[in-house]
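Listed below, chain by chain, are the residues.
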Amino acid sequence: MSVTKTYLPKRFHQAVVKWQETYLPDFDFLLDNWDKYFPQDTRFELCAFREMGMCSEVECGDRKGKPKFQQAAEMEPQQGGHLLGALKAQASTEFGSIQQHQLTLARAQNEEEQFWILRMMAEELRHGYQMFHLLLEDDWSDVTDQSGPDMVEEILSMQTGSHILGAFNVDFDSFIDNVTFCALIDRVGKYQLSMQRISAYKPMAESMPQMLREEAFHLAAGVVPLRRWMEKAARDSVYITTNDIQKAINKWLPRGLEMFGDERGGGTNVRYGLKPMKNAEAQEQYYQEVGKVVRDLNMRFIRARLPELSLSEAESLLEKLLVDGGSSRGISWEELVHVPHREFFRRRGVPAFKMVGWAGEDFDDAEAYLRHLTRHLPDGYRAGRDFRDYAQMLRRVDSGELTGDEAGRTMPSLRRVGGVCPCSRAVRWVAEEPHGNGSGGNREARR
Amino acid sequence: MTESETVVQIRQLEDTDIGGITALDEKIGGEYRPEVWERRITYYLRRDPEALVVAEADGKVVGFMLGEVRSGDFGLEEPTGWIEVMGVDPDLRGKAIGRRLAERMLDHFQSQGASSVRTLVDETMTEITGFFGSLGFEPAPLRSFVKNL
Ligand SMILES: CC(C)(COP(=O)(O)OP(=O)(O)OC[C@H]1O[C@@H](n2cnc3c(N)ncnc32)[C@H](O)[C@@H]1OP(=O)(O)O)[C@@H](O)C(=O)NCCC(=O)NCCS
Ligand SMILES: [Fe+2]
Ligand SMILES: [Fe+2]
């Protein structure tokens, strides 16, 4: 299979470079020191890649077996609209994650781990660039009134708080977030990209293979530092405790689960041939996979703490601790990390604002639930605006003013209005209007 | 196939296999080396993740093979596939797991434009020379030299 390489028209390429200078100022440092950490690896380049020779027939849904679409204009407007929504949401996540990582990148204690994150950020920039390539190569005028340049500009002017998906509107509080985000949120990205690899819109499908290759490293850049930290924590390191890691998981996993969209939805994407799985099915696979990550982290911890145990003895000890709770051989259940209940701290989808506790317990009082959350979330996060917004909305749901569904859709977010300069920061607060759920779960960006 | 026979699935390696590969390596070699596999797998994942394969049975990693296509090594300018590290669960050897891992990796090498695949084997390890021999590998006139420092 061969890969083609293209660049955006000059002014858009320059707009992305300008954005990079603002939000990824260490980019040059990465390139200057590339060989120190990645000797022999192909050097990073800001460009779009398309895989040639991929399947030419629609792979699922109503048009299965028919030729794939080469252009948006060949699609039904509704189908094209759906695709465009996903494309813009994808672009927003790529740029959004860089803004988040930049907040705490400098706080890493280990230079190698920091450099891995930096490379990952550069690759996210390329992913955003790839999505712009799709937005600008095609004519979307049957689907939207917004011009290509306007779509690009809208995405480049989004900030943490005005991105399309919730996970990208949450500030990072420490380098633990950089790493946990890679392990949990980039993992959702892997699912989305794998599903879009079969997209009935061929340019989308062709964009996925290279992005997926890069994503494989992003997951390792999350999981490997977590494993090392578990090992250090087992040796009583004073730096990162397993409790810190647990709280970061609690912060990010609910947002990750919501990135799959409403649990009742996704059927439209399958019918349109854009993705092979409905939301709930993909979300379930993801949840199981996170369980596997967490189990491995615990094994890493136990074996570091009790090196005298054999593999099977360590496995038995882990089983015992997970089943019985309590402690055994000097390790307590609390010292291990665990996957929170899938309805814990949710604000979108079926369990939106349902007040389900970390272990699945039910709460019927908002204040008691918020106190429960404060015990399970990182301190820095609780002091931030995302948690405040959530708490305010929860109280309104609890008082009967809003349903959970309505609250999920009306979480206020910063949205940009007007302005033509790609680095415009003009934003205002708008509340999203409720719209029917169950179709996809990606909130369409609106002007 | 009898009921007692395990179904072995060959698939692309994922970051979540680090623990499983570490455990398999320990079973083969008797030593627990998590740092080695964390580093090694991260290296391969950032280069060509599609080249990396594992065999899975009952949710456990029972085989793996790591390698990549490179050009320019040892004066070999054309793209060449290199099989570099592998292992199959000692309890499941002789069931074509190694062969299936290699077939998938070689298919990938071919799709990446490699016209040959190479590996380095210690001649005294007859199990491995036997394995590659059965797969159609022949001794190549490229000798490895070593000097202790
Ligand atoms: C070598 C190894 C990968 C073979 O795996 P396997 O799943 O048992 O092999 P397969 O069943 O797929 O066998 C494929 C072929 O190799 C041959 N083969 C396998 N083991 C052999 C041996 N010990 N001696 C001779 N031939 C052998 C088989 O006969 C078969 O040939 P056939 O198909 O013509 O009958 C496995 O034994 C292993 O992991 N060894 C240790 C690897 C190691 O030390 N790794 C560290 C250094 S990289
Ligand atoms: Fe990405
Ligand atoms: Fe990523």
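A brief report on the enclosed structure follows. Residue numbering note: each chain is counted from 1, following its sequence as written. Just so you know, chain letters begin at A and ligand numbers begin at 1, following the order they were written in. Two thresholds apply to this predicted model, a pLDDT of at least 70 for residue-level local features and 80 or more for giving and counting side-chain atom pairs, whereas whole-chain, interface and lining totals are computed over all residues. Side-chain numbers come from the whole structure's heavy atoms, not from hydrogens or water.

1. Digging into the pairing of strand β2 (residues 53-57) of chain B
Residues and elements named next belong to chain B.
- Relative accessibility thresholds used throughout: buried, under 20% of the residue-type maximum; exposed, over 50%; partly exposed, between the two (1.4 Å probe, protein chains only). Put simply, DSSP marks the helices as runs of H or I at least four residues long and the strands as runs of E at least two long, and each gets a number from the N terminus on. Taken across its 5 residues, β2 has 5 buried, putting it largely inside the fold.
- Across the two faces of β2 the burial is the same, with Val-53, Ala-55 and Ala-57 and Val-54 and Glu-56 all buried.
- Judged from the 4 bridges that link them, strand β1 (residues 9-12) and β2 form a sheet pairing that is antiparallel. Each bridged residue has a counterpart across the sheet, and for Arg-11 the counterpart in β2 is Val-54.
- Across 5 bridges, the pairing between β2 and strand β3 (residues 60-70) is antiparallel. When the bridges of β3 are listed, Ala-57 appears paired with Lys-60.
- One bridge is not enough; two strands pair if DSSP finds at least two bridges between them. Linking two consecutive strands that pair antiparallel, namely β2 and β3, is a turn of 2 residues; a positive phi of about 50 degrees is found at Asp-58 within it.

2. Here we look at the coordination of the iron ion (ligand 2)
Residue and element names in this part refer to chain A.
- With water omitted from the atoms examined, metal sites may look incomplete; donors here are N, O and S atoms no farther than 2.8 Å from the metal, or 3.2 Å in the case of Na, K and Ca. Protein coordination at the iron ion (ligand 2) comes from Glu-94 (OE), Glu-124 (OE) and His-127 (ND1), with a distance range of 2.0 to 2.2 Å.
- Here the donor residues of the iron ion (ligand 2) are spaced in sequence according to E-x29-E-x2-H.
- A separation of 3.5 Å is found between the iron ion (ligand 2) and the iron ion (ligand 3), which are bridged by Glu-124. With a gap of 3 residues between them, Glu-124 and His-127 both fall in helix α5 (residues 111-137), about one helical turn apart.
- For Glu-124, a relative accessible area of 4% gives the class buried.

3. A closer look at helix α1 (residues 10-23) of chain A
All names here are of chain A.
- Helix span is expected to be 1.5 Å times the residue number reduced by one. The terminal C-alpha atoms of α1, which comprises 14 residues, lie 20 Å apart, in line with the 20 Å expected from a rise of 1.5 Å per residue.
- Within α1, the full set of buried residues consists of Phe-12, Ala-15, Val-16, Trp-19, Gln-20 and Tyr-23. Taken down its axis, α1 places every buried residue within 140 degrees of arc, on the same side. Those residues of α1 that are exposed and angled more than 90 degrees off the buried face are Lys-10 and Arg-11.
- Check the buried side of α1 and you find it contacts α2 (27-32), α4 (77-104), α5 and α6 (148-156). Arc, as used here, means the arc of the directions from the helix axis to the C-beta atoms. Here, residues are in contact when the closest pair of their heavy atoms is within 4.5 Å.

4. With respect to the site of ligand 1
Residue and element names in this part refer to chain B.
- Taken together, 15 residues surround ligand 1, and among them Val-88, Gly-94, Ala-96, Gly-98 and Arg-99 come closest.
- Side-chain atoms alone can form a polar contact between residues adjacent in sequence; in general such a contact is a pair of N or O atoms within 3.5 Å, and within protein one must be able to donate a hydrogen while the other accepts it. The backbone of Lys-95 places a nitrogen or oxygen atom 3.2 Å from an oxygen atom of ligand 1.
- With respect to ligand 1, the side chain of Ser-134 contributes an N or O atom lying 3.2 Å from an oxygen atom.
- Surface burial for ligand 1 is 67%, taken as the share of its 940 Å² of free accessible area covered by protein chains.
- If you list the elements that add at least two residues to the shell around ligand 1, you get β4 (80-88), α3 (97-111) and α4 (126-134).
- Sorting elements by how many residues they give to the shell around ligand 1 places α4 first, with 5 residues.
- Residues belonging to the shell around ligand 1 are distributed by class as follows: 6 nonpolar, 5 polar and 4 charged. To be near a molecule or strand, a residue needs just one of its heavy atoms within 4 Å of it. Surface accessibility in these figures is a Shrake-Rupley result with a 1.4 Å probe; residues are shielded only by whichever protein chains are displayed. Amino acids are sorted into nonpolar (Ala, Val, Leu, Ile, Met, Phe, Trp, Tyr, Cys and Pro), charged (Asp, Glu, Lys and Arg) and polar (every other residue, Gly among them).

5. A few points about unusual backbone geometry
Residue and element names in this part refer to chain A.
- One non-glycine residue with positive phi stands out, namely Gln-40, at about 75 degrees.
- Tracing the sequence through the fold places Gln-40 in the loop between α3 (34-37) and β2 (48-51).
- Judged by its relative accessible area of 63%, Gln-40 is exposed.
- Positive phi, normally seen in glycine, also occurs at Phe-345, with a value near 55 degrees.
- Position of Phe-345 among the secondary structure elements: in the loop between β4 (331-332) and α13 (366-376).

6. Points about the sheet that holds β4 of chain B
All names here are of chain B.
- Pairing is mixed in the open sheet, where 5 strands are placed in the order β1-β2-β3-β4-β5. What marks the edges here is a single partner per strand, and that holds for β1 and β5 (116-118). The sheet shows a mean angle of 30 degrees between the axes of neighbouring strands, direction not considered.
- Those strands touched by helix α1 (residues 18-29) are β2, β3 and β4, and its axis lies near 100 degrees from that of β3.
- Here, axes are lines fitted to C-alpha atoms. For helices the fit covers the stretch in contact, and angles between N-to-C directions go from 0 to 180 degrees. Its contacts with the sheet place helix α2 (residues 34-45) against β3 and β4, and it is angled at close to 50 degrees to β3.

7. Thoughts on the pattern of salt bridges
Residue and element names in this part refer to chain A.
- A carboxyl oxygen of Asp or Glu within 4 Å of a side-chain nitrogen of Lys or Arg is what we treat as a salt bridge. Under the definition given, this model contains 57 salt bridges over all chains.
- The closest approach of N and O atoms between Glu-154 and Lys-88, which form a salt bridge, is 3.5 Å. Pair noted here: Glu-154 is in helix α6 and Lys-88 is in helix α4, with a separation of 66 residues, a long-range link. Both residues of the pair, Glu-154 and Lys-88, count as buried.

8. Brief notes about a negative patch on the surface
- Note on patches: the residues involved have over 30% relative accessible area and no salt bridge, like charges join within 9 Å, and the nonpolar side chains Val, Leu, Ile, Met, Phe, Trp and Tyr join within 5 Å. Just so you know, the count uses Lys and Arg for positive and Asp and Glu for negative, and it drops His and the chain ends. Where a charge sits is defined by one atom per residue type, namely NZ (Lys), CZ (Arg), CG (Asp) or CD (Glu). Side chains of Glu-361, Asp-362, Asp-364, Asp-365 and Asp-398 of chain A sit close together on the surface and give a patch of like negative charge.
- Here Asp-362 of chain A lies in the loop between β4 and α13.

9. Observations concerning the packing of helix α8 (residues 202-234) of chain A against helix α11 (residues 279-305) of chain A
Residues and elements named next belong to chain A.
- At a minimum axis separation of 8 Å, α8 and α11 run at an interaxial angle of 35 degrees. For the crossing formed where α8 meets α11, the hand is right-handed. For the pair α8 and α11, contact is made by Val-223, Leu-226, Arg-227, Met-230, Glu-231, Ala-233 and Ala-234 and by Val-293, Asp-296, Leu-297, Asn-298, Arg-300, Phe-301, Ala-304 and Arg-305, respectively.
- Of the residues contributing to the contact of α8 with α11, the split by class is 9 nonpolar, 1 polar and 5 charged. Helix crossings get a hand from a simple test, with the near helix turned counterclockwise from the far one by less than a right angle marking a left-handed crossing and a clockwise turn marking a right-handed one.

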